[in-house]
Structures are given as C-alpha cells and as structure tokens.
There are 2 protein chains.
Amino acid sequence: MHHIILALDFGGTKLSAAVTALPTATMGEPLAWLAHRHVFSAPSSSAESDLQTIEAMGQALLNGVQLAAVGVSFGGPVDFPTGTVRLSHHVPGWKNVPLGARLADVFGAPVAVDNDANVAALGEHRYGAGRGAADMLYITVSTGVGGGWVLGGRPWRGHEGMAGEIGHIVVDWNGPLCLCGKRGCVERLASGPYMAQDAEALLQERTERGQVLRGLWSGERAKMSGKLLAEAAGQGDDVAFEILQRGGRALGVGIGNAANLVNPQLVVLGGGVTKSGEMWWSAVRQAARETMLPEVNCEIVPAALGDDAPLWGAVALAIELL
Amino acid sequence: MHHIILALDFGGTKLSAAVTALPTATMGEPLAWLAHRHVFSAPSSSAESDLQTIEAMGQALLNGVQLAAVGVSFGGPVDFPTGTVRLSHHVPGWKNVPLGARLADVFGAPVAVDNDANVAALGEHRYGAGRGAADMLYITVSTGVGGGWVLGGRPWRGHEGMAGEIGHIVVDWNGPLCLCGKRGCVERLASGPYMAQDAEALLQERTERGQVLRGLWSGERAKMSGKLLAEAAGQGDDVAFEILQRGGRALGVGIGNAANLVNPQLVVLGGGVTKSGEMWWSAVRQAARETMLPEVNCEIVPAALGDDAPLWGAVALAIELL
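Quantities reported herein were computed from a predicted structural model and do not represent experimental measurements.

### Here we look at the sheet that holds strand β10 (residues 154-156) of chain A
Residue and element names in this part refer to chain A.
In step 1: If you walk across this open sheet you meet the five strands as β10-β9-β8-β11-β12, and the pairing is mixed. Strands at the two margins of the open sheet, each flanked by one partner only, are β10 and β12 (299-302). On average, adjacent strands in this sheet sit at an angle of 25 degrees to one another, irrespective of strand direction.
In step 2: Where strand β8 (residues 136-141) lies against strand β11 (residues 266-270), five bridges are found, and the strand directions are parallel. Among the inter-strand pairings, leucine 137 is bridged to a residue of β11, identified as valine 267.
In step 3: The sheet contacts of helix α9 (residues 278-291) involve β11 and β12, and relative to β12 the element is tilted by about 160 degrees.

Written as structure tokens, this is what we have:
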C-alpha cells in the first residue's frame, strides 16, 4: 500500500508538479517520480493564471487517483500555519492569497505550503546532502541569498515564519548599500547579480584591470555571472578573483556568525553561485572557520538535489501531514 | 508535598547556593528561597577548593533533607549531556571536570549543569522577563557578551552546546581587533571593558574632546565603565556618547542579525552594561529595527531577575530532571 503525494513548486522561473508514492508501512523513501512535468511561467503571468496552470498540471498527473497529501514550495514569504502566501518575489497578484485552502479544495487532500528555502532545507535534510544531520542550515546562493533551518530534526521557522534570512545579516556595516536599505548584508556581497554588478563597475573604473574577464565577457550585463567570474578567475583574472573572493568571504562570515549563534552541525549550500569553482568554496570555508569560535565546528557541503530540491522538499513537507 | 531543589552558581566573582521547594502537584512556581547564601571566591582559588566550598554550602543549607534534583550554572563552556565542565573563564584548574557526576555523588540526586548564559536564559524564560515567550534569546552584556536560546519553549544548545555566542558574531569585518582574533565582533564593540578601553584611547588621542568625561573619571582604568560613560553622555559628553552609541549599535545589529536568522519573538538583555541609560537602549533598539527585515518583529526588553538569574535558571534546569 502506498500514500500518493503531490508536490508543487511555484519557482522563480517555472511552475513544477510531480507525483510520488510512499510505502504506508515504512513511510520510507518515496518511489521515483511517477510523473514529472514542468512549465515555464511567462513573466507577465498573474497569480490566478499560475494557479490555474499548476492545478491543471496536478489534475493531469493524478488522473483521478486519490491523494494522501499535497506539499507546496513557494518562492516568497508564506504564513506556514495557515498556508497563506504573503507575497511573491517574482509574480504580481500574490498578496495574502490563501493558497493552502484553495489547493485543499481543488485536490480534496490536506495541503502544507512553505517558502522555497525552508522547503529545500527539508528536502536536503530528508533526501539529500543533509541526511542524518539533526541540526542543519540550508542556504541558497543565487539571485538572492536565503536559507532554511532544520533543528532537532524538524523545520525551524521562527515565530513569524521568517527564520533563515541569512542574506540580510550584516557583516560589514560600512559596506556597500543593499536594496534592503542596509549596508554590507551577505546578499549585497555574495549574490550573483550583486557580484556581477560589482565586477562590471570595477571593469569600468579600472580600465587596466580584468583583461581576461573582458576577453570572456560579451559586455551584456545578463551574461556576467558567477560562472563567468569563476572561469575568468581560473585563468588568473584579478577582477574576477577579487569579487568572487569577497563574495565567498562574506558568505563564510555569515555562515560563521550563524554557527556561533545556533551551532548546527552542517551547512548545505545550493543555488547557481555554488558552481563558481573551488576557489570560491575555499574562500567560503576559510572565512567560516575563522569566524567560528574554536569550540564550534560545522561542515559546509554542496546541496545534492539540484533543481529538484523544492519538489523533494514538498514531498517531505506533505509527509508531515500524514 | 514538595520537591526540594538545590541551585548552585559558579559565577565570575562569587559562588552561590540556594534551596527552594516546588509543589509536586502543580510543578508550579518555586517557593521563595528557603535559604540563600553566597561567598566570594578568592581570585587565587582552584577548582577543587571552589568545589569543596560550594558542596559545604549546599550541605549546610540542606541539613540532611532529601533532594529531588540539583541545577548548576557554570561560568564557562559545559558539555551539557554529560555535565562536564570544559573550562572556566575565571578560575584555573577547570578542564574537563565531571562536575555533574561528582555533585550527584555528593548530594545523592540527579544533577543538570549548563553554562551561565543558557541557564540565565532559562531562568528569565520561566520566572523573569521571558515568561510566555516561546522563542527568545537572552543576552548578557557585561565583561563579555554571551547569550542563550529558548526555542519552542525549550533550551536550544546546538549540536555541541555552543549555541548563543552572539558576542562573537562579526558586524564590521574591517573593525577593531578582538581578543578572539577576528575584527568587529559584537563583544569587541559592545562589552564594558572594550568600551572603556576605547573611551580611554579616544581621550588620550583627542585631548580637546571628552571634557565632561575627564571631569567625572578618576583616571583609573578600573573606574571607567558603561555606567560612567552613561553619566557623562547624559551630561552631554561627546566621547562618552560616541562610544556608547557605537556599542549599542553593534549590539543592535547583532540582535537584528540573530532575529533575521532565527526569528525569536523576544530578546532579553541582562548584565551591567544594560544599566547604561536610555540613550544606549535607544541605540540598541534602533539598530536592531533597522537591521531586521520589515517582516521580522522582535521585542527587546531588560532582564527581570538581576543577579539571581543564574540561581533561578538552575532551579528551572533542575525541574527538567523531575
């Protein structure tokens, strides 16, 4: 006998749905996806059209099979106890939308909704790089820097569901201005777009520097990325090296701060910027080690689930309802 | 019927012991102290002589009455699961001392030992300013800056018992050098001795500044304190104002960082530096508010239990054994 679980992901660039089956006797590993489908949402889409799209995807996958539970990953702040989306970081029209209640109506099953970082943390904890670690912090380093906690083997969301916002802890209070209004946030120094912006500014300002990076870069802002910086740094580019080092160091100091405060045993790093190469990883790990007190120890490892982390996490979230 | 509880505090400047009685039926409020005694430990004392002193104090208070449990607050890192003291911050000879096992032998009752910040956090949570707050951070701002968590109504110690070390999170990575080897730690900017040191240095460096503070200060380093700085700042002294503002701001940024990471509903501040006056409190609260994301809310209040917080916390710790 199996529980059938529907996993939904309202991501920044796509909507995804998947169905899996879980043995009722052991509640053990989910089977491989029975079905898996994703669509790219148009940037002009609204909350209502995204909802209709994902509902149709879910119905098509299920084909009338009775569901045990639905888990949902959402790219924006969520009030977990009520399943209400407070806001989308990507799509207009998501403001105080009772997503959980609506999906429960549509699918006739209990629904749990949480923000993507918390859900990915749970996914990595149950099925990925965090297996066996009771206390872990998951961090995604991408267009933004966000995070989610598992403490004592359970998701830790905080009293308003806002825990894990490591992107907006300050490590350099005289540092550059962040969109959030503060200076020297981890996100301002370590996220992909901010590193790209700072690299571009440095190339403009110091025309004698960054010759390798200039050669590799097309000049289009969208093409400047952590990956390009890593490639240039690997070929000895000074600008790319400086920016990546500073980003890795900021993230590492943020991780060290988090480790001194909460003392998890493991930090799992996911997101595109983590593909910036060994030099970036060394900068992260060294700064974290220097920031942690001598008695504090915490391993830092890459995420294992890749782009499917939110879907696997949504499965883990749904299992909590059974 | 009552449970009799023995509370012990191995503090920085004194050893304290107290006995209280707890109604067995309700496990409610402890009665007022049945007996309460403290001695000042000589700076030359050893671990063994401190142990013998506090054991004799406990025996004298109990006078043969059967104990239900012993709770112990210790001023240094403790391995909570085994009750082993790793180190004292104040007295030589405390290195891997199995304090819990020894006291269990002496008193014939179960013993729980934890570091003073965790214990004070528990005390404020159960009997002080943190009553009713499921998720709180207690911070002591004194000769050092330390902290302890209560999350979901339970102490949160982390996987090595090191959680709560807010004094050694970095808020200004280009800031002044801390004894721990890092730059711009909260403790380096906000603790009493470091603020005093920085005020003194500023007076020496800028002879035209700090006239009010110069008038109030005797010139002895030991007499420079948060309280003196508050007094001078209250009378318009520019040096005192600058140092206290920066200390309060560093603590506030640290609190804001902790709130973004863990999202507690309450932060309770204890320790001598919290007596630095309204200007200091405003700086702390304003910096915390500016650092927290708009969706993150956290009240910051003074501790209620004063010098007895470790003893009340030790009672709460002992109750967990019943």
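Back to the text.
### Describing the interface of chain A and chain B
In step 1: On the side of chain B, 42 residues touch chain A, which itself brings 42 residues to the contact.
In step 2: Between chain A and chain B, a total of about 3700 Å² is buried, with carbon and sulfur atoms accounting for 61% of that surface.
In step 3: Sorting the residues of chain A by area buried against chain B places His159(A), Trp173(A) and Leu261(A) first, and these three jointly supply 23% of that buried surface.
In step 4: The interface formed by chain A and chain B includes zero salt bridges.
In step 5: Where chain A touches chain B, the interface holds 24 residue pairs in polar contact (both at pLDDT 80 or more).
In step 6: Every element with two or more residues in the side of chain A that touches chain B is listed here: β9 (145-151), α8 (238-262) and α9 of chain A.
In step 7: Looking at the side of chain A that touches chain B element by element, the count peaks at nine residues for α8(A).

### Points about the relation of the copies chain A and chain B
In step 1: When chain A is brought onto chain B, the operation consists of a screw motion whose angular component is 180 degrees and whose axial shift is 0.0 Å, with 0.0 Å RMSD remaining. Classification of the inter-copy transformation places it as that of a two-fold axis.
In step 2: Of all interface residues in chain A, 100% are interface residues in chain B too; the two copies therefore contact each other through one and the same surface.

### A closer look at the pairing of strand β2 (residues 14-23) of chain B
A regular strand carries its side chains on alternate faces of the sheet.
All names here are of chain B.
In step 1: Here β2 lies mainly inside the structure; nine of its 10 residues are buried.
In step 2: Here strand β1 (residues 2-10) runs beside β2; their pairing, made up of nine bridges, is antiparallel. In the strand pairing of β2, aspartate 9 is matched with serine 16.
In step 3: Joining the antiparallel neighbours β1 and β2 is a turn of three residues.

### So, the confidence of the model for chain A
Detailed reading of predicted coordinates is not advised where the pLDDT is low.
Residues and elements named next belong to chain A.
In step 1: Within chain A, residue pLDDT values average 91, and 98% of them lie at 70 or more.
In step 2: Mean pLDDT across the secondary structure elements of chain A bottoms out at strand β3 (residues 35-40), with 72, and peaks at β12, with 98.
In step 3: Scoring the predicted complex yields pTM 0.93 and, for the interface, ipTM 0.92.

### Let's talk about the packing of aromatic side chains
All names here are of chain A.
In step 1: The tally for this structure, following the rule as stated, stands at 10 aromatic pairs over all chains.
In step 2: Judged by centre distance (5.6 Å) and plane angle (45 degrees), the ring pair of phenylalanine 10 and phenylalanine 74 falls under tilted. Note that phenylalanine 10 is positioned in strand β1 (residues 2-10) and phenylalanine 74 in strand β4 (residues 69-74), a separation of 64 residues in sequence.
In step 3: Here tryptophan 280 and tryptophan 281 contribute two aromatic rings whose centre-to-centre distance is 5.5 Å and whose plane-to-plane angle is 90 degrees, an arrangement assigned as edge-to-face.
In step 4: For tryptophan 280, a relative accessible area of 0% translates into the label buried.

### Observations concerning helix α5 (residues 192-205) of chain B
Residues and elements named next belong to chain B.
In step 1: Relative to the 20 Å expected for 14 residues at 1.5 Å per residue, α5 spans 20 Å between its end C-alpha atoms, a close match to the ideal helical length.
In step 2: Looking at α5, one finds that the buried residues are Gly192, Tyr194, Met195, Ala196, Asp198, Ala199, Glu200, Leu202 and Leu203.
In step 3: Where α5 is buried, its residues meet α4 (186-190), α6 (211-216), α7 (226-234) and α8 (238-262).

### Re the pattern of salt bridges
Residue and element names in this part refer to chain A.
In step 1: This model, assessed by the stated rule, comprises 24 salt bridges over all chains.
In step 2: For glutamate 320, the salt bridge is made with arginine 126, and the minimal N-O distance between the two is 3.5 Å. Linking glutamate 320 in the segment after α10 (309-319) with arginine 126 in helix α3 (residues 116-127), this pair joins segments that are 194 residues apart in sequence.
In step 3: Take glutamate 320: its relative accessible area is 28%, and that puts it in the partly exposed class.
In step 4: Taking relative accessible area as the criterion, arginine 126 reaches 24% and is therefore assigned partly exposed.
In step 5: Aspartate 198 is the partner of arginine 246 in a salt bridge, and the nearest nitrogen-oxygen pair spans 2.4 Å. One end of the pair, arginine 246, is in helix α8; the other, aspartate 198, is in helix α5 (residues 192-205), with 48 residues separating them in the sequence.
In step 6: One salt-bridge network, in which partners are shared between bridges, spans Glu48, Glu55 and Arg102.

### Description of the packing of α8(A) against α9(A)
All names here are of chain A.
In step 1: Put simply, α8 and α9 touch, their axes get as near as 7 Å, and they point 35 degrees apart. Crossing angle aside, the handedness with which α8 passes α9 is right-handed.
In step 2: Residue composition of the contact of α8 with α9, grouped by class: 11 nonpolar, eight polar and one charged.

### So, the sheet that holds strand β11 (residues 266-270) of chain B
Residues and elements named next belong to chain B.
In step 1: Strand order across the open sheet formed by five strands is β10-β9-β8-β11-β12, with mixed pairing between neighbours. With partners counted over all chains shown, the strands left at the sheet margins are β10 (154-156) and β12 (299-302), one partner each. In this sheet, neighbouring strand axes are inclined to one another by 25 degrees on average, regardless of whether the strands run parallel or antiparallel.
In step 2: Packed onto the sheet, helix α3 (residues 116-127) meets β8 (136-141), β9 (145-151), β10 and β11 and runs at close to 50 degrees relative to β9.

### With respect to the nonpolar core
In step 1: One finds Leu251(A) and Leu251(B) to be the most contacted residues of the largest nonpolar core, which totals 110 residues.
In step 2: Non-local contacts of Leu251(B), meaning those with residues more than four positions away in its chain, are made with Ile139(B), Val141(B), Val145(B), Val186(B), Ala190(B), Leu269(B), Trp280(B) and Val284(B).

### Some remarks on the side chain of Thr291(B)
In step 1: Relative to the helices and strands, Thr291(B) resides in helix α9 (residues 278-291).
In step 2: With residues up to four places along the chain from it excluded, the contact list for Thr291(B) reads His168(A), Val170(A), Lys182(A), Gly252(B), Val253(B), Gly256(B), Asn257(B) and Asn260(B).

### A look at the side chain of Asn263(B)
In step 1: Tracing the sequence through the fold places Asn263(B) in the loop between α8 and β11.
In step 2: Assessed through its relative accessible area of 0%, Asn263(B) is described here as buried.
In step 3: What Asn263(B) contacts, discounting residues up to four positions off in sequence, is Arg157(A), Gly158(A), His159(A), Glu160(A), Gly161(A), Met162(A), Ala163(A), Ala258(B), Val296(B) and Asn297(B).

### A word on α3(A)
Residues and elements named next belong to chain A.
In step 1: Taking 1.5 Å per residue, 12 residues should reach 16 Å; α3 reaches 16 Å between its end C-alpha atoms and fits that length.
In step 2: Looking at α3, one finds that the buried residues are Ala117, Asn118, Val119, Ala120, Ala121, Leu122, Gly123, Glu124, His125 and Tyr127.
In step 3: Regarding α3, its N-cap is asparagine 115, as a side-chain oxygen of that residue lies 2.9 Å from the backbone nitrogen of alanine 117 further along.

About the cut-offs
Residues numbered from 1 in each chain as written. Chains lettered and ligands numbered in written order. Predicted model: local features only at pLDDT ≥ 70, side-chain atom pairs only at ≥ 80, totals over all residues. Heavy atoms only, no water. Pairing = 2+ DSSP bridges. Helix = DSSP H or I, 4+ residues; strand = E, 2+ residues; numbered from the N terminus. Axes fitted to C-alpha atoms, helices over the stretch in contact; angles between N-to-C directions. Contact = heavy atoms within 4.5 Å. Buried area = accessible area lost by both parts, 1.4 Å probe. Salt bridge = Lys/Arg side-chain N within 4 Å of Asp/Glu carboxyl O. Polar contact = N/O pair within 3.5 Å; in protein donor to acceptor, adjacent residues only side chain to side chain. Least-squares fit on C-alpha atoms with pLDDT ≥ 70 in both. Buried < 20%, exposed > 50% of the residue type's maximum accessible area, 1.4 Å probe, protein only. pLDDT = per-residue confidence, 0-100. Phe/Tyr/Trp six-rings, centres within 6.5 Å; stacked < 30°, edge-to-face > 60°. Expected span 1.5 Å × (residues − 1). Left-handed = near helix turned anticlockwise from the far one by under 90°. Nonpolar A, V, L, I, M, F, W, Y, C, P; charged D, E, K, R; others polar. Core = buried A, V, L, I, M, F, W, Y, C linked by side-chain atoms within 4.5 Å.

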